[in-house]
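# Close look at the chain arrangement
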Amino acid sequence: MSIDEAELMTCPARITLDAAQQKFVDSLPAPAPAVQSELGCELERGHDGSHAALVQQVGETMWWAQWTLSASEINPYTWCPVRQEPPEVEPDCSLFEGHPGRHSSSDRYWVSGDAA
């Protein structure tokens, strides 16, 4: 079993949505085929602030679970507008607008303006 570099750089924090949070997600107008109740933080390891994981997308709104050791909530965001320059295979940041730390795609983290 091998661990890829992206896995080593991603925050290892996890959360399980509580019943009220799961009910809220299930009530959204665009139900996901299989909303997971256990989510992993999608931010870079060592990030500032709360942890975050994408829960559901409804139109242009992304619903993100955010949590600390003492609290959790689900908040609406739009996609981060930053693009990689030059464009890579996945040129867009896959996180929410205003996220802490470096930008992320499925295979790497970068700072805006970085070359590949």
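Note: the structure precedes this text.
The structure displayed is predicted, hence computed values, not measured ones.

This paragraph deals with the pairing of strand E4 (residues 61-67). Across the 7 residues of E4, 6 count as buried, placing the element largely inside the fold. Pairing between strand E3 (residues 51-58) and E4: 7 bridges, direction antiparallel. Within E4, the position partnered with Leu 54 by the bridge is Trp 64. With antiparallel pairing between neighbouring strands as the criterion, E3 and E4 make up a hairpin whose turn holds 2 residues, including Gly 59 at a positive phi of roughly 60°. Examined bridge by bridge, E4 and strand E5 (residues 72-77) share 6 bridges and lie antiparallel to one another. Bridge pairing in E5 links Met 62 to Tyr 77. Taken together, E4 and the strand that follows it, E5, pair antiparallel across an intervening segment of 4 residues.

Calculation notes
Residues numbered from 1 in each chain as written. Predicted model: local features only at pLDDT ≥ 70, side-chain atom pairs only at ≥ 80, totals over all residues. Heavy atoms only, no water. Buried < 20%, exposed > 50% of the residue type's maximum accessible area, 1.4 Å probe, protein only. Helix = DSSP H or I, 4+ residues; strand = E, 2+ residues; numbered from the N terminus. Pairing = 2+ DSSP bridges.

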